[in-house]
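# Inside the fold
Read off the chains here:
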Amino acid sequence: MDSTELSDLTELIQLIKPYLAHPATLLTGFVLASFVMIWRLQSVENKGFEGTIVGTLIMPYCSGFANLVFVYVMNHTKGGGKAVIENCLVNNVTNLTLILGLAALFYGASPPAKAENKKEKGKSQSTDQLRLYRLDMLLTLVAMFLFTGATWALAKDHVLDFYDGLVLIGLFLFWQVLHVFEVMKNNVRKNQSFRWSIIFDLLVIGVCAYVVYLSVDYLVQWATTAKNPYIKPSNLGWISGVIMVVPNALLALYYAHAGRQDIVVSSQVGDGHICIPMCIGLFALLHNIAIPHFFQLGVWIILGAGALNFLSIAIWGRLPRVAGLLLLGGYGVFLYKGLGS
């Protein structure tokens, strides 16, 4: 490449750079990269993982990667602890109320996909599978109660420090190790192993993860410097929390339409595990976090929504439409109380 061609390339880069850094471009890149990451989950389910394992062990790292990036970015920003708490609370409340509420409202009456294959697999085998899925969903919700309750207890002195962060991260890692062993046990029972093609999926996810990182980094920079009455640095945690659940929300509606209630619930609750306790624990390792006043409200709504989900699944095996309406009402209360304070 000669000097003239190099000069033309430099001019072209300078010309398109403002468009690449535009918020709409960044947001589009974030959503597309997130979708590609999550898209590979459909193939991962047939490569040694299945059902709720996908929702609790694989999907959270794809849909929740942006939240982890947000922690890294806010590490270099003044007042980042408050924004991280806001981001995590908004993410978890939105998952458990708005997304699960919409899924129940639109698909609450649809039969589970596994129940439609009785002729092929036999009635007893299908029933046993549904019972296992129900138990897995209930276990995932129990973990959510543990993580949220532990965070609430550690925050009673109105601050989360380095040692609190260690406890939260330790709880999360222990939960993940349990699922790793569960995958290994399932593969031994079924005499199957991981497929080497999963390496391709991991490479694609790695590229998309870098795009997500760049998008979140630039979006945060834009939000903190933009002169817009609706986009304020003080609301960065709320805005980012809503944006980061969009890909996961559409995926949940897709699996709800497919009748995979087990993946719908486990993915939303599992995505919440990335935020509470993982993201909060990571930031607490780096900086002490002063607990904002709306933290208590967020915790109560998360626990209340979790209890409603738990009872619905334990009794009916899925969320009925009336439960979806109650969850949507809880999300409205959270927005009114949180943004209005």
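Up top you'll find the structure we're talking about.
In this report, we go over the structure that sits alongside the text.

What follows concerns the packing of helix α5 (residues 65–74) against helix α6 (residues 80–107). For the pair α5 and α6, interaxial distance at closest approach is 9 Å and the crossing angle is 170 degrees. Here α5 lies roughly antiparallel to α6, going by the angle between them. Residues N67, F70, V71 and M74 of α5 form the contact with α6, whose own contacting residues are G80, A83, V84, N87 and N91. Taken together, the residues of the contact of α5 with α6 break down into five nonpolar, four polar and no charged.

This next bit is on α6. Because each turn of an α-helix spans 3.6 residues, side chains separated by three or four positions end up pointing in the same direction. Given a rise of 1.5 Å per residue, 28 residues ought to cover 40 Å, and the 38 Å separating the end C-alpha atoms of α6 matches this to within 8%. At T94, α6 shows its largest kink, close to 40 degrees. In terms of burial, α6 is a largely internal element, 22 of the 28 residues being buried.

A separate point is the packing of aromatic side chains. The geometry of an aromatic ring pair is captured by two quantities: the separation of the ring centres and the angle between the planes. Evaluation of the coordinates by the stated rule reveals three aromatic pairs. A ring pair is formed by F147 and W175, whose centres lie 6.4 Å apart and whose planes are at 85 degrees; its orientation type is edge-to-face. With F147 in helix α8 (residues 123–154) and W175 in helix α9 (residues 162–189), this pair connects stretches of sequence that are 28 residues apart. Comparing F147 with W175, the two get one shared label, buried. Ring centres of F162 and Y163 lie 5.4 Å apart, and the angle between their planes is 90 degrees; this geometry places the pair in the edge-to-face category. For Y163, a relative accessible area of 60% corresponds to the exposed category.

A few words now on the packing of α5 against helix α13 (residues 261–286). Interhelical geometry of α5 versus α13 gives an angle of 20 degrees and a closest axis separation of 10 Å. Comparing their axes, α13 and α5 come out roughly parallel. Remark: the crossing between α5 and α13 carries right-handed chirality. Only I274, C275, M278, C279, L282 and F283 of α13 make contact with α5, whose side of the interface consists of N67, L68, V71 and M74.

A contiguous nonpolar patch, built from V177, V180, F181 and M184 and spanning about 350 Å² of accessible area, is present on the exposed surface. Here M184 lies in helix α9. A relative accessible area of 43% places M184 in the partly exposed class.

Time to look at the nonpolar core. Among the nonpolar cores identified, the biggest contains 73 residues, and F70, M74, V216 and I280 are the most heavily contacted of them. Non-local contacts of I280, meaning those with residues more than four positions away in its chain, are made with I85, C88, T151, L160, L168, C275 and I289.

So, about the pattern of salt bridges. In this structure the tally under the stated criterion is one salt bridge. The salt bridge involving K82 is made with E86; its shortest N-O contact spans 2.4 Å. Residue K82 and its partner E86 are both found in helix α6; the two are separated by four residues, about one turn of the helix. Take K82: its relative accessible area is 41%, and that puts it in the partly exposed class.

How each quantity is defined
Residues numbered from 1 in each chain as written. Predicted model: local features only at pLDDT ≥ 70, side-chain atom pairs only at ≥ 80, totals over all residues. Heavy atoms only, no water. Axes fitted to C-alpha atoms, helices over the stretch in contact; angles between N-to-C directions. Helix = DSSP H or I, 4+ residues; strand = E, 2+ residues; numbered from the N terminus. Parallel < 35°, antiparallel > 145°, perpendicular 65-115°, else oblique. Contact = heavy atoms within 4.5 Å. Nonpolar A, V, L, I, M, F, W, Y, C, P; charged D, E, K, R; others polar. Expected span 1.5 Å × (residues − 1). Bend = angle between axes of the 7 residues up to and from the residue. Buried < 20%, exposed > 50% of the residue type's maximum accessible area, 1.4 Å probe, protein only. Phe/Tyr/Trp six-rings, centres within 6.5 Å; stacked < 30°, edge-to-face > 60°. Left-handed = near helix turned anticlockwise from the far one by under 90°. Patch = residues over 30% accessible without salt bridge, like charges linked within 9 Å, V, L, I, M, F, W, Y side chains within 5 Å. Areas by Shrake-Rupley, 256 points an atom, 1.4 Å probe, with all protein chains shown as cover. Salt bridge = Lys/Arg side-chain N within 4 Å of Asp/Glu carboxyl O. Core = buried A, V, L, I, M, F, W, Y, C linked by side-chain atoms within 4.5 Å.

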